[in-house]
Amino acid sequence: MLEFFRANQGLISVLLSMAMLVVWVVYLQILLVQVRASRRSSILITRAAGRGMRSRCLVTNMSSQSLYVTSLIGILHAGDKQIEIALTDLRELPEDLGADPRSTMRQGSLSTGQYLDIGHFDDILEVMLRDDEAAGLEREDVAQLDLIVVAFYAPESLPVGARRSFQFRWESPSGTRVQPSSLRTEQIRGRRQRKRLFQAVERHM
């Protein structure tokens with residue numbers, strides 16, 4: 001065995017060096033994935049506390065760092081119409097914002113795992129239908145609501161965001177149902193998408 005090692009010392013040295021190189025490449029790849037994951041935003045938009053119109057809509061920060069929710073944009077789908085309305089500034093708020101000002105204002109800073117309760121779907125739809133852009137629409141005209149969250153995340157210069165769609169099943173035998181159109185919240189992270197997001201915020205300023 002010793003003679004084999006002496007005879008193939010150069011080859012063994014090369015193989016060991018290659019094995020060490022592979023280990024370091026794998027290690028650096030894992031480290032890179034972890035760093036990228038820590039810099040990426042993750043925002044959840046969920047339906048909670050029921051399935052009907054009185055269920056609540058929550059926006060949760062699942063990122064590894066804090067973020068600031070600055071805007072909430074809703075898009076109503078009624079027939080062939082799509083009406084985009086900024087939800088953040090639609091309501092006149094009382095001076096006393098209660099125990100959770102962020103949820104009342106629908107904006108604010110969220111640490112990891114914190115959430116905004118932006119209200120019942122019933123109330124969200126009612127507020128949007130009072131906007132001038134939605135003049136003439138009735139509740140039952142709205143088939144779907146898209147919610148877009150716009151936030152600023154420390155590692156990023158452009159805003160980040162998330163989007164999820166909810167369909168209204170007005171004819172459900174057990175009462176109106178709010179049904180998510182997909183299992184996951186779409187994350188808005190691409191540079192081109194985020195530029196469009198920034199332009200959408202500017203339109204509603």
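Keep in mind that this is a model prediction, so the values were computed, not measured.

Draft legend 1. Structural detail: the overall build of the protein. For the protein, the count of helices and strands is five helices and 10 strands. In the protein, the share of contacts with a sequence separation of at least 24, taken over all contacts with a separation of at least 6, comes to 61%. Entry remark: accessible area of the protein is about 12,600 Å², with carbon and sulfur atoms responsible for 54%.

Draft legend 2. Focus on the nonpolar core. Ranked by internal contacts, the top residues of the largest apolar core, which has 35 residues, are L76, I118, L125, L145, L147 and F168. Those elements giving two or more residues to this core turn out to be β1 (43-48), β2 (56-61), β3 (67-78), β4 (81-86), β6 (115-120), α4 (121-129), β7 (144-153) and β8 (160-169). Excluding anything up to four places from it in sequence, F168 contacts M53, L125, V142, A143, Q144, L145, R177 and V178. Counting eight residues, the second-largest nonpolar core is a separate cluster that includes I73, I75, I188 and L197.

Draft legend 3. Molecular detail of the pattern of salt bridges. A complete count under the given rule lists six salt bridges for this structure. Put simply, D117 and R56 hold a salt bridge, and the shortest N to O gap is 2.6 Å. In this pair, D117 is assigned in strand β6 and R56 in strand β2, connecting sequence segments 61 residues apart. With a relative accessible area of 27%, R56 lands in the partly exposed category. A salt bridge links E126 to R130; its shortest N-O distance comes to 3.2 Å. Classification of E126 by relative accessible area gives partly exposed; the value is 41%. A relative accessible area of 56% means that R130 is categorised as exposed. Through salt bridges with shared partners, a single ionic network connects R54, D122, D123 and R139.

Draft legend 4. Inspection of the side chain of S63 at higher detail. Mapped onto the fold, S63 is located in the loop between β2 and β3. The exposure class of S63 is buried, given its relative accessible area of 1%. Among the polar contacts listed, one links the side chain of S63 to the backbone nitrogen of S42, at a separation of 2.8 Å. The contact partners of S63, leaving out residues within four places of it in the chain, are R40, S41, S42, T112 and Y153.

Reading the values: rules and limits
- Residues numbered from 1 in each chain as written.
- Predicted model: local features only at pLDDT ≥ 70, side-chain atom pairs only at ≥ 80, totals over all residues.
- Heavy atoms only, no water.
- Helix = DSSP H or I, 4+ residues; strand = E, 2+ residues; numbered from the N terminus.
- Contact = heavy atoms within 4.5 Å.
- Areas by Shrake-Rupley, 256 points an atom, 1.4 Å probe, with all protein chains shown as cover.
- Core = buried A, V, L, I, M, F, W, Y, C linked by side-chain atoms within 4.5 Å.
- Buried < 20%, exposed > 50% of the residue type's maximum accessible area, 1.4 Å probe, protein only.
- Salt bridge = Lys/Arg side-chain N within 4 Å of Asp/Glu carboxyl O.
- Polar contact = N/O pair within 3.5 Å; in protein donor to acceptor, adjacent residues only side chain to side chain.

Keep in mind these numbers describe shape, not what the thing actually does.
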